[in-house]
Amino acid sequence: MTDTGPGGADERWELRLYVAGETPRSVAALANLRKICEEHLAGKYSIDVIDLLERPQLARGEQIIAIPTLERRLPEPVRKIIGDLSNTERVLIGLDLRPER
Amino acid sequence: MTSTRPAPTPLAHCPTGIAGLDEITSGGLPRGRTTLLAGGPGCGKTLLATQFLVRGAEIGEPGVFLAFEETAEELTTNVASLGWDLDGLVADGKLVVDHVKVERERIDQTGDYDLEGLFIRIGFAIDEVGAKRVVLDTLEVLFSALDDTARLRAEMRRLFSWLKTRGVTAIVTAERGEGTLTRHGLEEYVADCVISVDHRVTDQLAVRRIRIVKQRGSAHGTNEYPFVIDEGGLSVVPVTSFQLDHPAGTDVVSTGIPDLDAMLGGGGWYKGSTTLISGESGTGKTTFAAAFADAACRRGERCLYLAFEESGPQLVRNMASVGMALEQWTEKGLLRIHASRPTQIGLERHLTTVYQQVEAHQPDVVVIDPITDFTSLGTATDVKVMLMRIVDYLKARRVTGVFTSLMHQGGSDDPTISSLIDNWVQLRNLETEAQRDRGVFVQKARGMSHSNQIRELVLTDGGIRLLEVIAGPDGVLTGRARARSTTDSRAGT
C-alpha cells in the first residue's frame, strides 16, 4: 500500500482563492498556492480564482473580509485562511495538510 | 491686491432625524464624513446607528448596515419593538443589512493581506441601493479575530478615507476602552466627528448621556445631554433655545373661574402664557388647575393634564364634587389625563414624556399638577433647567401652561420657577377666629393690569367663587368675621 497523503488517494481538493484584481499580492498568492498544491496534492486538486471586483456579491455570500482569502471547499469541513500564502508552514497547517505541533 | 480665494465651504449636515441630536450638532452629522460613536456595552450605540439609517430611509437617503456583532435577523427583531420594519425597508430597496461574520477564533494568517474584501462588500452594498448612509457596527470585532494590530490600524485608516471618497455619511461604532475613548484608538483616524454615549446609575436612577466630543467645522454643545430610549427609539433632551423669541399673542383665554378672570383684568390670561398656581397643602391648587382644563375643553380646546399625585379616576371624582364633570371631556377625547408617580423615572424621562404626550395629544392647554415633585429628582439647577425646557417648549407651540406648586407652611416665594412664568396665582391659608379660610391673590400677571386684592376663595358645588374681601380694622375679613361685618352693615347702625 502506497502513501496516499492526507485524506486518501481519490479525495478531491477543491480550493478557492479570493482576490481583488490582479495585484502583486494576488499574483504571489496564486503562485504560492500552485507550488504547495503541486508538492502536496498533485493530481487531485483544483483551484478556482475568484476576482471579487468582478463578482462582489460573493464577498457577502462567502463572508470574505480579507484579501487574499483561501477557502478549502473540499474536503469538508470548509476552512478559510488569509494572506498571500508565503508562509508555507502555516498554509499546510491551515489546510490541515500537516498536523499542528 | 488681495487674493480672491473662495471662502471654504462649510461642512454640510446630515440630519440624523433623532429628536434633539440634530439640535446639539447644529443640524446633524457632518455630511459625507465618518462619525465615530463610542460607548460601553448596552449604551444604545446600535440603536442610535439604526435609527440614523431608518430616518434616512424615510427621507430618501438609503442606508447600509454592516453588522459585525448581530445577524440581520437579530438586528431586525431587536428593533421591531420600536416600530422599525427593517425587512420592509430592505424589501423596498432602502436598506441593506449585511452581517459580517467574523470568526471569534483566530483566523490563520499566512502572509500579507488587506481588508479589500470588506471594502468591496461595503461598496457593493452602497451601490445596491444607492446608499447615502453607512453604519459599521462594530468594526472593532476585527481586532479580536485578526491579531495583526498594526496592519488593522493601517486598514482602518484606509477604510475611513475610502468612505470619504464614497461620499457617504457614516457612523462607526466602537467600544469604550480603559481610560480611552475607544479600545483600539479609532478616534485617531476619525477627524470629523466623535460622539460618546454613556449609561450610568446615580442615586439609583439610570441615566443615559450623550456628548459631542468633537465636530469639525460646527458649533456644537460640549455638555453631556441626557437621552432616553423608549417606544419611539432614542431621543436626546437638549437644552432648548434660551433665546426668548416665542410668539406673543394678544388672545386671552378664560381661567375657568369668572371671578379670577375679573381679577386679571377681564378675560383671563394670555393664550400661550405659563401660569403658576402655588399654595400650601389643601388650598385648592388642583381645583384651580382643573377648572382651567374644564374651561378649555368647554371651548372645544384640547387639554393634556399631567397628574403626579392623583390617578385619573381620582381626579375626575374629586372634581365632580365641586361641579366639574371632567369625564365628559375625556370621553370626547378633548382631555387626556396622564397620571404617573414622578419618582419612578428620571427628570429627562419626564421631559420626554411631556414632549411625547404633547406630540401625541396636540393640546392647546397643558396642566402639570404639581411640578413640586420634580424637586426630589435632581439638583435645584437641574430642575430649573428642566422646567425652563418645558416652558420654552410649550411657549414655542403656543400652548397655554398651568403648573401647580406646593408651597410649605409659611414658605416664601418659589425662586426656582417664578422668573420663568408669566402669571402667578397664590393661594394662602388665612386663619382667623378659629377658622381656616383660603385667600387668593395674583402675585403677577405679565402684560395685564391685574388686581392687587386678596380675595376669599370658596369652593361650592358650582365651582370656585372668589368673594370680594371686606377690609376691616384688622385687615381682610373672611369667613365668620365677614359674615358678622355684613350683618353689622345690614343692621345699618
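Residues numbered from 1 in each chain as written. Chains lettered and ligands numbered in written order. Predicted model: local features only at pLDDT ≥ 70, side-chain atom pairs only at ≥ 80, totals over all residues. Heavy atoms only, no water.

**A closer look at the overall build of chain B**
Threshold: Strands are runs of DSSP state E lasting at least 2 residues, helices are runs of H or I lasting at least 4, and numbering of each runs from the N terminus. Each residue gets one of three labels from its accessible area relative to the maximum for its type: buried under 20%, exposed over 50%, partly exposed in between, using a 1.4 Å probe on protein chains only. Whether two residues are in contact is decided by their heavy atoms, any of which lying within 4.5 Å being enough. Note on areas: Shrake-Rupley with a 1.4 Å probe; residue coverage comes only from the protein chains shown.
Looking only at helices and strands, one finds 15 helices and 24 strands in chain B. In chain B, buried positions account for 55% of the 493 residues. Considering only intrachain contacts with a sequence separation of at least 6, the fraction spanning at least 24 residues in chain B is 69%. Surface exposure of chain B reaches about 21,100 Å², of which carbon and sulfur atoms provide 50%.

**Considerations on the overall build of chain A**
A count of helices and strands for chain A gives three helices and four strands. Secondary structure elements of chain A occur, N-terminal to C-terminal, as β-α-β-α-β-β-α. For chain A, the residues scored as buried account for 45% of the 101 residues in total. Within chain A, contacts between residues separated by at least 24 positions form 62% of all contacts whose residues are at least 6 apart in sequence. When the accessible area of chain A is evaluated, it comes to approximately 5,400 Å², of which 48% is carbon and sulfur surface.

**Re the pairing of strand S21 (residues 455–460) of chain B**
Residue and element names in this part refer to chain B. Note the following rule: Only strands joined by at least two bridges in the DSSP assignment are considered to pair.
Strand direction decides the pairing type here: strand S20 (residues 435–445) and S21, joined by three bridges, are antiparallel. Counterpart to Gly439 in the pairing with S21 is Glu456. Pairing of S21 with strand S22 (residues 463–467) involves five bridges; the strand directions are antiparallel. Along S22, the bridge assignment pairs Leu457 with Leu466. Turn length for the S21-S22 hairpin, with the two strands adjacent in sequence and antiparallel, is two residues.

**A look at the sheet that holds strand S4 (residues 79–82) of chain A**
Residue and element names in this part refer to chain A. Note the following rule: A fitted line through C-alpha atoms represents every axis, and for helices the fit uses only the stretch in contact; the resulting angles, taken between N-to-C directions, go from 0 to 180 degrees.
The strand order across the open sheet formed by four strands is S2-S1-S3-S4, and the pairing between neighbours is mixed. Since the sheet does not close on itself, it has two edges, and those belong to strand S2 (45–51) and S4, each with one partner. In this sheet, adjacent strand axes meet at a mean angle of 20° when their direction is disregarded. Summarising the sheet, strand S3 (residues 69–74) and S4 pair through four bridges and their orientation is antiparallel. Of the residues in S4, the one forming a bridge with Thr69 is Ile82.

**Things to note about the packing of aromatic side chains**
Residues and elements named next belong to chain B. Inclusion rule: Two rings from Phe, Tyr or Trp (for Trp, the six-membered ring) form a pair when their centres are within 6.5 Å of each other. A pair whose planes differ by under 30 degrees is stacked, one over 60 is edge-to-face, and the rest are tilted.
If you walk through the whole model with that rule in mind, you get three aromatic pairs over all chains. Judged by centre distance (6.5 Å) and plane angle (40°), the rings of Phe160 and Tyr189 are tilted. With a gap of 29 residues between them, Phe160 in helix H7 (residues 149–166) and Tyr189 in the loop between strand S7 (169–175) and strand S8 (193–202) connect regions that are remote in the sequence. According to the relative accessible area criterion, Phe160 is buried, its value standing at 5%.

**Points about the nonpolar core**
Residues and elements named next belong to chain B. Where we set the bar: Here, nonpolar core means buried Ala, Val, Leu, Ile, Met, Phe, Trp, Tyr and Cys residues that are tied together by side-chain atoms lying within 4.5 Å of each other.
Core analysis: the biggest nonpolar cluster contains 44 residues, and Phe68, Leu115, Leu118, Ile122, Leu136, Leu139 and Leu142 have the highest contact counts within it. Elements with a contribution of two residues or more to this core: strand S3 (34–39), strand S4 (63–67), helix H5 (116–129), strand S6 (133–137), helix H6 (141–145), H7 and S7. Not counting chain neighbours up to four residues away, the residues in contact with Ile122 comprise Leu66, Val134, Leu136, Leu159, Trp162 and Leu163.

**Points about unusual backbone geometry**
Following Ile67 of chain A, the chain continues to Pro68 of chain A via a peptide bond in cis, the omega torsion being -5°. Tracing the backbone through its elements, the reader meets Pro68 of chain A in the loop between helix H2 (57–61) and S3. Going from Glu76 of chain A to Pro77 of chain A, the amide bond is cis rather than trans, its omega being 0°. Among the secondary structure elements, Pro77 of chain A is positioned in the loop between S3 and S4. One non-glycine residue with positive phi stands out, namely Ser26 of chain B, at about 55°. With respect to the element layout, Ser26 of chain B can be found in the loop between helix H1 (21–24) and strand S2 (29–30). Residue Gln362 of chain B is not a glycine yet carries a positive backbone phi of 50°. Mapping Gln362 of chain B onto the fold places it in the loop between helix H12 (347–361) and strand S17 (365–369). Residue classification places Gln362 of chain B among the partly exposed residues on the basis of a relative accessible area of 42%.

**Examining the interface of chain B and chain A**
The test is simple: We define buried area as the total accessible area lost by two parts upon association, computed with a 1.4 Å probe and summed across both. Salt-bridge detection follows one rule: a side-chain nitrogen of Lys or Arg within 4 Å of a carboxyl oxygen of Asp or Glu. Polar contact criterion, stated in full: a pair of N or O atoms within 3.5 Å, where within protein one must be able to donate a hydrogen and the other to accept it, and residues adjacent in sequence count only if both atoms are side-chain atoms. Gly falls in the polar group here, along with every residue not listed as nonpolar (Ala, Val, Leu, Ile, Met, Phe, Trp, Tyr, Cys, Pro) or charged (Asp, Glu, Lys, Arg).
Facing the 26 residues of chain B at the interface are 26 residues of chain A. A per-residue breakdown of the area chain B buries against chain A is headed by Asp108, Thr110 and Ile120 of chain B, which together make up 31% of the total. Counting across the interface, chain B meets chain A through four salt bridges. On the surface where chain B and chain A come into contact, there are 16 residue pairs in polar contact (both at pLDDT 80 or more). Where the side of chain B that touches chain A is concerned, the elements lending two or more residues are strand S5 (95–99) and H5 of chain B. Its residues placed into classes, the side of chain B that touches chain A shows 12 nonpolar, five polar and nine charged.

**A look at the sheet that holds S22 of chain B**
All names here are of chain B. In space, the nine strands of this open sheet follow the order S16-S15-S17-S18-S14-S19-S20-S21-S22, with mixed pairing throughout. In this open sheet, the two strands that pair with only one neighbour each are strand S16 (335–339) and S22. Strand-to-strand twist across the sheet, computed as the mean angle between neighbouring axes with direction ignored, equals 25°.

**Observations concerning helix H2 (residues 45–58) of chain B**
Inclusion rule: Each residue after the first adds 1.5 Å to the expected span of a helix.
Along its 14 residues, H2 of chain B runs 20 Å from first to last C-alpha, staying within 8% of the 20 Å computed at 1.5 Å per residue. Most of H2 of chain B is tucked away: 12 of the 14 residues are buried.

**Examining the environment of Glu73 of chain B**
Inspection of the secondary structure puts Glu73 of chain B in helix H3 (residues 72–80). In sequence terms Glu73 of chain B and Val97 of chain B are 24 residues apart; their C-alpha atoms lie 9.4 Å from each other.

**Concerning the confidence of the model for chain A**
Going by this rule: Confidence scores here are pLDDT values: one per residue, from the predictor, ranging 0 to 100.
Summary statistics for chain A give a mean pLDDT of 87 and a share of 87% for residues scoring 70 or more. Scored below 50 in pLDDT, residues 1–5 of chain A shows two contacts in the model against residues more than four places distant or in partner chains.

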